[in-house]
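Survey of secondary and tertiary structure
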Amino acid sequence: MSTPPAVAPAPGTSRAGRDLPVAVAVGLGLLVLVAASLFLRKEVFGVVAMVAVGAGLWELAQAFARRGVHIPVLPLLVGDVGILVSAYLAGMEALFVAFVLTVGGIVVWRVLDGSGPRAVRDATAGVLAAAYLPLMAGFVVLMLAADDGPMRVALFILLCVANDTGGYVVGVLIGRHPLAPSVSPKKTWEGLLGSVVLASVIGVLGIHFLFDGDPALGALLGVATVAVATLGDLGESMIKRDLELKDMGTLLPGHGGILDRIDSMLLAAPVVYLLLDALQPVA
């Protein structure tokens, strides 16, 4: 029996299965939007963050619904605004108070719609969504609230972009050894090394030129970002695999959904916030 010929990828399609020109165009467009909002006025970036988190919550709710899990979306969206505004105006304590209030709202809202095992399951999924998205995003807003907030957030975003770009380029070019084949078959150890190298370079340059800080902290920042961002990416991949989804959504052509873009950033935010605060404590 003859072996069927390999099917060549469509023109413009990368080994990772994405339409590369579209993905690059959308990625650059997002960077321009974020940069413009960040340096135009901090509050504008805060609104962009709220919209992104809200879209991610909606995508997650649609994905969970495939398995019959219905998370309370309305209290989550209200909590999204409350958590991020509280973090910006009043700091970390207000961030956690708003999160606790959001959790309470989720539970009460679901119980009013009925009790029993399904209510427990839906409320638990809602609490997970609140911790995964608005709570983690709150640390980005904490960075934003500092006097040099735009520079902190810009470095954070560049570190996450470096993690994705370094891993993608090196993985596509020379990736041979799967990192977690049962979770994300296309991720490789070579790609992880590419992420570490590029993120460390960005960390060193960013700390030196933006904050006049110790390059060693920049290298630590790069390695730490890659470590937690990779865990965040693999965590979302596990969710998608369990739900039998390739992408969480279709809002971003060439990338999937909003959550597919911010999954690694969410877990990286607290780590970058703490390391930058160690360098430049927020007044």
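Calculation criteria
- Residues numbered from 1 in each chain as written.
- Predicted model: local features only at pLDDT ≥ 70, side-chain atom pairs only at ≥ 80, totals over all residues.
- Heavy atoms only, no water.
- Helix = DSSP H or I, 4+ residues; strand = E, 2+ residues; numbered from the N terminus.
- Buried < 20%, exposed > 50% of the residue type's maximum accessible area, 1.4 Å probe, protein only.
- Contact = heavy atoms within 4.5 Å.
- Areas by Shrake-Rupley, 256 points an atom, 1.4 Å probe, with all protein chains shown as cover.
- Axes fitted to C-alpha atoms, helices over the stretch in contact; angles between N-to-C directions.
- Parallel < 35°, antiparallel > 145°, perpendicular 65-115°, else oblique.
- Left-handed = near helix turned anticlockwise from the far one by under 90°.
- Nonpolar A, V, L, I, M, F, W, Y, C, P; charged D, E, K, R; others polar.
- Core = buried A, V, L, I, M, F, W, Y, C linked by side-chain atoms within 4.5 Å.
- Domains from an automatic or database assignment.
- Salt bridge = Lys/Arg side-chain N within 4 Å of Asp/Glu carboxyl O.

1. What to know about the overall build of the chain
- Helix and strand content of the chain: nine helices and two strands.
- Secondary structure elements of the chain, listed N to C terminal, follow the sequence α-α-α-α-α-α-β-β-α-α-α.
- Per-residue burial over the chain gives 46% buried out of 283 residues.
- At a minimum sequence separation of 6, the contacts of the chain that also span at least 24 residues come to 72%.
- On the chain, roughly 14000 Å² of surface is accessible, and the fraction owed to carbon and sulfur atoms is 72%.

2. Overview of the environment of Ile262
- Structurally, Ile262 is set in helix H9 (residues 258–279).
- Taking the C-alpha atoms as reference points, Ile262 and Ala52, separated by 210 residues in sequence, lie 8.5 Å from one another.

3. Side note on the packing of helix H2 (residues 42–65) against helix H3 (residues 73–90)
- Look at H2 against H3: their axes get within 10 Å of each other, and the N-to-C directions meet at 155°. One element, H2, and the other, H3, form an angle in the roughly antiparallel class. The way H2 lies across H3 gives a crossing that is right-handed. Only Val73, Leu76, Leu77, Asp80, Val81, Leu84, Val85 and Tyr88 of H3 make contact with H2, whose side of the interface consists of Lys42, Glu43, Ala49, Met50, Val53, Gly54, Leu57 and Ala61.
- For the contact of H2 with H3, the per-class residue count stands at 12 nonpolar, one polar and three charged.

4. Thoughts on the nonpolar core
- Formed by 60 residues in total, the largest nonpolar core has its most connected members in Leu133 and Phe156.
- Of the residues forming this core, the biggest block, 14 residues, is contributed by helix H5 (residues 117–145).
- Mapping this core onto the domain boundaries places at least three of its residues in each of domain 1 (34–145) and domain 2 (148–282).
- Beyond its immediate chain neighbours, meaning those up to four positions away, Leu133 contacts Val53, Gly56, Leu57, Leu60, Leu259, Ile262 and Leu266.

5. Description of the pattern of salt bridges
- Applying the stated criterion to the full structure yields six salt bridges.
- Between Arg110 and Asp122 there is a salt bridge, with the nearest N and O atoms lying 2.8 Å from each other. Of this pair, Arg110 sits in helix H4 (residues 92–112) while Asp122 sits in helix H5, and the two are 12 residues apart along the sequence.
- By relative accessible area, Arg110 is classed as buried at 11%.
- For Asp122, a relative accessible area of 3% corresponds to the buried category.
- Between Arg121 and Asp122 there is a salt bridge; the shortest N-O distance is 3.4 Å.
- Given a relative accessible area of 34%, Arg121 falls into the partly exposed group.
- A single network of salt bridges, built from pairs that share partners, joins Arg110, Arg121 and Asp122.

6. Description of the packing of H5 against H9
- Where H5 meets H9, the axes come as close as 8 Å, and the angle between the chain directions of the two elements is 50°. Our classification of the angle between H5 and H9 gives oblique. In this structure, the crossing between H5 and H9 has a hand that is left-handed. From H5, Tyr132, Leu133, Met136, Ala137, Phe139, Val140, Leu142 and Met143 reach across to H9, where they touch Leu259, Ile262, Asp263, Leu266, Leu267, Ala269, Pro270, Val272, Tyr273 and Leu276.

The analysis is restricted to geometry; functional conclusions fall outside its scope.
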